[in-house]
Amino acid sequence: MLEPLGNGILTIVQWQYLLPLFLGTLIGVVGGALPGVTITLTIIVLLPFTFGLDPLQGLAAMTGVYVGGSAGGLITATLLGIPGTPSAIATTFDGFPMARNGEPGRAIWLGIWSSFFGGLLGGLFLILVTGPLAAIALRFGPWEYFSLFVLALAMVAGLAEGTLLKGLISAGIGLVVTMVGSDPIGGIPRFAFDSDFLRGGFPFLPVLIGVFAFSQIMTDVESLGRPKSGQAGAALARSSLSASHLKTIGEILGRPLLLLWSTVVGILIGVLPAVGGSAANMLAYDQAKKLSSHPDRFGKGTPEGIIAAESANNANVGGSLVTIMAFGIPGDAVTAVMLGAMTIHGIQSGPLFVSQNVELAYGIYAAYIVAHPLMVAIMAVSALIMLRVTQVRLSVLAPVVLVLCVVGAYAVGNTMSSVYVLVIFGAVGYALVKTGFPLAPLILGLILGEQIELNLVRSIMTDDDPWLFVTRPISGGLLLAAALSVALSVWQHLRHASRTRKVEADF
Amino acid sequence: MRLGRDGVIGLICFAVSLALLVQSFSLPQLPLTPVGPGFYPRIVLGLLGMAGLGLLLQDLLAARADGPVSGGEPRPTAGVHRRVILLFGIIAAYVLLLPVLGFRSSTALFVLALQPAIEWPVTARAWAAVVAIAIATPLAAYLVFEKYLLVLLPRGSLTGW
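Because the structure is predicted, anything quoted here is derived from the model rather than measured. (Residues numbered from 1 in each chain as written. Chains lettered and ligands numbered in written order. Predicted model: local features only at pLDDT ≥ 70, side-chain atom pairs only at ≥ 80, totals over all residues. Heavy atoms only, no water.)

### Quick look at the overall build of chain B
To keep it simple, the criterion reads: Secondary structure elements follow DSSP: runs of H or I no shorter than four residues count as helices, runs of E no shorter than two count as strands, and numbering proceeds from the N terminus. Note that the radius of gyration is over C-alpha atoms, with the globule rule given as 2.2 Å times the number of residues to the power 0.38. Accessible area is worked out with a 1.4 Å probe on protein chains only. A residue is then buried under 20% of its type maximum, exposed over 50%, and partly exposed in between. Here a residue-residue contact requires only that any non-hydrogen atoms of the pair lie within 4.5 Å.
The secondary structure content of chain B amounts to four helices and zero strands. Order of helices (α) and strands (β) in chain B, N terminus to C terminus: α-α-α-α. Computed over its C-alpha atoms, the radius of gyration of chain B comes to 24 Å, more than 25% above the 15 Å expected for a compact globule of 161 residues. In terms of principal-axis extent, the alpha carbons of chain B reach across some 55 × 55 × 25 Å. By residue count, 39% of the 161 residues in chain B fall in the buried class. Long-range contacts, defined here as pairs at least 24 residues apart, represent 63% of the contacts in chain B between residues at least 6 apart.

### Quick word on the interface of chain B and chain A
Keep this limit in mind: Accessible area that two parts lose when put together, evaluated with a 1.4 Å probe and summed over both, is termed the buried area. The rule for a salt bridge is simple: a side-chain nitrogen of Lys or Arg has to be within 4 Å of a carboxyl oxygen of Asp or Glu.
Counting residues at the interface gives 58 residues for chain B and 62 residues for chain A. Between chain B and chain A, roughly 5,200 Å² of surface is buried when both sides are summed, and carbon and sulfur atoms account for 81% of that area. Remark: the boundary between chain B and chain A carries two salt bridges. In this structure, K166 of chain A and D6 of chain B form a salt bridge, with 3.0 Å as the shortest nitrogen-oxygen distance.

### A closer look at unusual backbone geometry
Residue and element names in this part refer to chain A. Phi at F193 takes a positive value of approximately 50°, unusual for a residue other than glycine. The topology assignment puts F193 in the loop between β2 (189-190) and α9 (196-199). Here F193 falls in the exposed class, since its relative accessible area comes to 52%. The backbone of N414 shows a phi angle near 50°, a positive value even though the residue is not glycine. Tracing the chain through its elements places N414 in the loop between α18 (394-413) and α19 (416-434).

### Quick word on the domain arrangement of chain B
Rule in force here: All the domain ranges listed were derived from an automatic or database domain assignment.
By the assigned domains, chain B splits into domain 1 (5-66) and domain 2 (78-148). The C-alpha centroid of domain 2 of chain B is placed 40 Å from the C-alpha centroid of domain 1 of chain B.

### Considering the environment of A213 of chain A
All names here are of chain A. Of note, A213 is situated in helix α10 (residues 204-222). A relative accessible area of 0% places A213 in the buried class. Each C-alpha atom, one on A213 and one on V45, is 9.0 Å from the other, the two residues being 168 residues apart in sequence. With near-sequence residues (within four places) excluded, A213 lies in contact with L41, I44 and C405.

### Some words on the pattern of salt bridges
Inspection of every chain in the model, using the stated rule, returns eleven salt bridges over all chains. Note that R393 of chain A and E119 of chain B form a salt bridge whose closest N and O atoms lie 2.9 Å from each other. On the criterion of chain membership, the pair formed by R393 of chain A in the loop between α17 (358-389) and α18 and E119 of chain B in the loop between α3 (78-118) and α4 (124-148) is interchain, its members lying in two chains. Under the relative-accessibility criterion, E119 of chain B is labelled partly exposed at 27%. Residues participating in the shared-partner salt-bridge network are E103, R106 and E251 of chain A.

### Focus on the packing of aromatic side chains
Keep this limit in mind: Note on aromatic contacts: the rings of Phe and Tyr and the six-membered ring of Trp form a pair at centre separations within 6.5 Å, being stacked when their planes are under 30 degrees apart, edge-to-face when over 60 apart, and tilted otherwise. The criterion is that NZ of a Lys, or CZ of an Arg, lies within 6 Å of the ring centre and within 35 degrees of the ring normal, and then a charge sits over that ring.
If you walk through the whole model with that rule in mind, you get 18 aromatic pairs over all chains. For the ring pair Y285 of chain A and F298 of chain A, a centre distance of 5.5 Å and an interplane angle of 75° mean the geometry is edge-to-face. Of this pair, Y285 of chain A sits in helix α13 (residues 277-291) while F298 of chain A sits in the loop between α13 and α14 (303-327), and the two are 13 residues apart along the sequence. Taken together, the ring pairs connect W109, W113, F116 and F117 of chain A into an aromatic cluster. The cationic tip of K166 of chain A hangs over the ring face of F437 of chain A; the distance from NZ or CZ to the ring centre is 5.2 Å. Over the ring of Y142 of chain B we find R104 of chain B, and its NZ or CZ is 3.9 Å from the ring centre.

### Observations regarding helix α1 (residues 5-24) of chain B
An α-helical segment advances 3.6 residues per turn. Residues three or four places apart therefore align on the same side. In plain terms, the rule: Given a helix with a known number of residues, its expected span is that number minus one, times 1.5 Å. Arc definition: it is the arc formed by the directions from the helix axis to the C-beta atoms.
Helix length check: α1 of chain B (20 residues) gives 28 Å between terminal C-alpha atoms against 28 Å at 1.5 Å per residue, within 8%. Those residues of α1 of chain B not exposed but buried are D6, G7, I9, G10, C13, S17, L20 and S24 of chain B. What you see down the axis of α1 of chain B is that its buried residues fit within an arc of 165°, all on one side. Buried residues along α1 of chain B sit against α8 (164-179) of chain A together with α2 (39-64) of chain B.

### As for the nonpolar core
Applied cut-off: The criterion is simple. A nonpolar core is a set of buried Ala, Val, Leu, Ile, Met, Phe, Trp, Tyr and Cys residues joined through side-chain atoms within 4.5 Å.
Counting residues in each nonpolar core, the largest one holds 193 residues, and the members touching the most others are I12, I108, F353 and L448 of chain A together with F110 of chain B. Inspection of this core shows a minimum of three residues originating in each of domain 1 (5-66) and domain 2 (78-148) of chain B. Leave out the neighbours within four places in its chain, and I12 of chain A touches Y17, L18, L21, L56, A60, G363, A366, A367 and V370 of chain A. In this structure, V265, I269, A280 and A284 of chain A belong to the second largest nonpolar core, which totals five residues.

### Here we look at the environment of P37 of chain B
When you line up the elements, P37 of chain B lands in the loop between α1 and α2. The buried category is assigned to P37 of chain B, whose relative accessible area is 1%. Setting aside chain neighbours within four positions, we find P37 of chain B in contact with D183, I188, R190 and E453 of chain A together with L27, P28 and L30 of chain B.

### Some words on a nonpolar patch on the surface
The following threshold applies: Residues enter patches when their relative accessible area tops 30% and they take part in no salt bridge; the joining distance is 9 Å for like charges and 5 Å for the nonpolar side chains Val, Leu, Ile, Met, Phe, Trp and Tyr. Surface exposure here means Shrake-Rupley accessible area, sampled with a 1.4 Å probe, where a residue is shielded only by the protein chains that are shown.
Together, W15, L19, F22, L23 and I27 of chain A make up an exposed nonpolar region whose accessible area comes to about 490 Å². Structurally, I27 of chain A can be placed in helix α2 (residues 15-33).

This is how it looks when you write it as structure tokens:
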């Protein structure tokens, strides 16, 4: 393991890989710092640039975006009180008060170094666990894969914001989209209605880009002119961010249990499909507060809050990469775009990915590790400049992002039909967001739809006994977990509804 | 009884699922496989239809209990609504122009139209910036993608480039 990792690092530090990794990390930090621009949107913007690069260059750039974006959100969260990305929401709770209390340098560097250590611990998990997990995944038959995908969908539908029914419908829409075109076994046209446009099916990346980017940009346009919180932090943008690094690192490493526990929370949330850094950030903060001996200090600028929130959201990246590299299942929309880029380069994801693409896999590990010191260096040089970048007007940003979306969609198949799919699903995504449907289940449905069908049909072709899904231990366990996940979600919904009724009655 | 927004969506979801479900029965059976191309869609559409029906019932029950209307973010004002519709219109026009005028011309027009639609420039300097960005965006994209990264961009039937 150490030898291929060493080779990977030696490859990545060569300028033809280091440059895309550096640029990816820089773009990630900028995208992360820009309020209203998520990491997903940033990676979508970067996607068309990776088509002309070799696979490792492209994936290194994307890994850089992921790492940089997860940390970049803390700049505006700490200095302006506005989280740059949803994964930095909890960072504002203590980062902004600490900065306002006259310690902006300490606040921002606690965040940066926590991201660094959390991310590297996540990387350690990624490197140690991916291989053994992939070995387990290799023993999976179609029954186990089918059940695993069902579990992923059940969890996402239950965990996503909004009601369970809306989550399930959103996942169902994603699955239906993958059915249009032709069936994956016999190639028979299906739901094409004699249309050439529909016969080819809906390509995954344009649908994903449309659903995510359009809904994001249109929502940003809607919020134009609304008063933003955190304007009081504008003065902080002009202050000095100097801090004693040794002291800051000592503050973080002096709380090893907090760092480790927040990292574990981040990794576990990352491994769960489609539950992103925002959940990791919030949950780790909540855990840190509950486990703290002085919870009353939280929200007033305590270092524990920043350490927990920032170490968790960067560790989350390592967890997400484990899922995609061991199982070929994207943990979130960011890794879904990475999967799409891999497919375009002809790389087959799945449990054989690491063993069949040793150089590429260890190159990704190396890129992930090297991206962390790069992120620290970029933040050190440019944190204050980033604040100026965040002043870029939406009227400039939105057209550029949309043009890049069009370029990315067109490049998938060099046909205009991909661009039409992009716009159609852009409208669909926006409509779903406006009617309160979560997008994460839809994305996962899109990603897994064809694989679910293939594994279901394969299992029936191997043995038509349907009870095998339940009687095979791993498959049965996964289906049981899926049922429990749905039941838990229903129970939580009912409990919430009964509490709401009680509060209304008391009122 | 008046349906809420969720109820309407549930009804649409149920109707579309039912229509596709009916269509799935007309799909041919494959000779070598025990299940045909309609097998999996029938499962998904059945579940989706039931979820749609569930959403409809939930909405009806909520309306009967006179509870809060569920779903969605706060409604935007009419002005914001118009702006979003205008943006989608400009995007649609851009996509229709792309195969006619090609990437460079239509992108310049698109960026030129979209910027004022999002935020109206009030000074001459702001207008100059709008024009400069409209020219720079397609030019930079052309140089980076088509010239440097060799990623193809849409060509226009009228312009040939």
